[in-house]
Amino acid sequence: MAGYTRQASANITTGSVIDADDFNDEYNQIQSAFNASTGHTHDGTAAEGAPITKVGPSQDLVITASVVRPKTNNTLDLGTTSLNFKDAFFDGTVRTDILTVDETSTLTGNVSMGGTLAVTGNTTVGGTLGVTGQTTVQNLTVGGTFSGSVPASSLTGTLPANQITVITQNMDSDDVSEGSSNQYHTAARARSAISVGAGLSYDSSTGVITNTNPSAATVNNATITIAAGSNLTGGGSFTTNQSSNQTITLNASAAASPGNGLITISAGSGLTGGGSFYVNQSGNSTITLNNSATATSFNSVGSLGVGNVIPGTSATGTYTHSAGSNYSGSTISFGGTAGSGTWKCLSPAQIVQTYNYNDNPTVTTNATRPGLYQRIS
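Residues numbered from 1 in each chain as written. Predicted model: local features only at pLDDT ≥ 70, side-chain atom pairs only at ≥ 80, totals over all residues. Heavy atoms only, no water.

Observations concerning the confidence of the model for the protein chain
Caution is warranted with low-pLDDT regions, since their predicted coordinates should not be read in detail.
Next, step 1: Overall, the predicted model of the protein chain reaches an average pLDDT of 76, with 77% of residues at or above 70.
Next, step 2: Mean pLDDT across the secondary structure elements of the protein chain bottoms out at helix α3 (residues 216-220), with 51, and peaks at strand β3 (residues 68-70), with 91. (pLDDT = per-residue confidence, 0-100. Helix = DSSP H or I, 4+ residues; strand = E, 2+ residues; numbered from the N terminus.)

Encoded structure:
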């Protein structure tokens, strides 16, 4: 590069003869120093001029060996909205009060946010997005794995169902950590939490609950069996509460002695006792069948009793019970003793009573008929 140095300083002096060549050499050197391509460089070396450290009409841009800065804070723009710089390369830290990115950008390194990150458009994160502070999200689509926990106490606002996009994954309870108190539901755990009281049995392996008490049909519908004894064939059974007729036939066997077959009445289910008799026996036989399904003592559940309606104190009244209805034992007289608990009327009992007041004491009782009752509680 051509800087400017004096060419004829020894000739151009006061009192000396100055030739045109001296001036011509000086002007040629000045012309070379200001040549557009090969002129002086302002690099601070000899004849090249001092470095230019301030630029602009008011020297607003200052350039040093390590800093390019404005002369006054916050006065210079870098480019304009219509005249942009092309690319910028930084190897250190870029600090700015406001960053506006109006085109697609790619961040390959880590980004740390100390304040609030507001995103109004779509944001795609190809790697791991780690959030440790408060985050406000309007639409969140997760295509990979969502890890971590969000405590319910940290959630604020409303999350409409139509703004949730769920990417279906093949997940089961093995993919989620189980707590110590709020545990997963399993069939085995549900079954092990069930217990039953008296009269029931429970199989926790199958979840089946079985009633071990005698059913109402067993208690109230005993089976009576008439069996063929010696010298007889046939026989059969019937239940006390069956709805249809039952025919039981006893036949004399071929080898039987004519006219003296043995008849046996056996206790069926829900009964005990029974006995046998011959057709032509000379004496009487007593055969007793007892209800064994429940207790048979008086005033015990399942016991039967013949009772009368206990008269009330009305002036005139008809006290009639209905078959199939339940009545308090205190309203029924069993052999002069009032019952307790509750009794079911199997056969109605009634009594008609007329009572006159003290000025004409008269008591009239007629049409008395006892009924059959069963203790149910």
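So, the sheet that holds strand β2 (residues 61-63)
Next, step 1: Ordered by their spatial adjacency, 3 strands build an open sheet running β1-β2-β3, and the pairing between neighbours is antiparallel. Taken across any chain shown, the strands that pair with only one partner, and hence form the sheet edges, are β1 (54-55) and β3.
Next, step 2: Where β2 lies against β3, 3 bridges are found, and the strand directions are antiparallel. Counted as the bridge partner of V62 is R69 from β3. (Pairing = 2+ DSSP bridges.)

Structural notes on the sheet that holds strand β14 (residues 304-309)
Next, step 1: The sheet built from 6 strands is open, its strands ordered β16-β19-β22-β14-β17-β18 with antiparallel pairing. Each of the sheet's edge strands pairs with one partner strand only, and the pair in question is β16 (326-328) and β18 (337-338).
Next, step 2: Looking at chain direction, strand β19 (residues 342-347) and strand β22 (residues 371-375) are connected through 4 bridges and run antiparallel. Its bridge partner lying in β22, C345 is registered against Y373.

Thoughts on the packing of aromatic side chains
Next, step 1: For the structure on display, the rule yields 3 aromatic pairs.
Next, step 2: Consider the rings of F23 and Y27, whose centres lie 6.3 Å apart with planes at 25°: the pair is stacked. Here Y27 and F23 lie together in helix α1 (residues 20-33), a separation of 4 residues that amounts to about one turn.
Next, step 3: For Y27, a relative accessible area of 53% corresponds to the exposed category.
Next, step 4: Each residue in the set F334, W343 and Y373 is aromatic and connected to the rest through ring pairs, giving one cluster. (Phe/Tyr/Trp six-rings, centres within 6.5 Å; stacked < 30°, edge-to-face > 60°. Buried < 20%, exposed > 50% of the residue type's maximum accessible area, 1.4 Å probe, protein only.)

Observations regarding the pairing of β19
Next, step 1: Judged from the 3 bridges that link them, β16 and β19 form a sheet pairing that is antiparallel. The residue bridging N326 from the neighbouring strand is K344, located in β19.

Observations concerning the pattern of salt bridges
Next, step 1: Under the definition given, this model contains 2 salt bridges.
Next, step 2: Between R6 and E26 there is a salt bridge, with its nearest N and O atoms 3.3 Å apart. Here R6 is found in the segment before α1, whereas its partner E26 is found in helix α1, with 20 residues between them in sequence.
Next, step 3: Under the relative-accessibility criterion, E26 is labelled buried at 6%.
Next, step 4: One salt bridge in this structure joins D87 and K86, with 3.0 Å as the shortest N-O distance.
Next, step 5: On the basis of relative accessibility, which here comes to 74%, the residue K86 falls in the exposed class. (Salt bridge = Lys/Arg side-chain N within 4 Å of Asp/Glu carboxyl O.)

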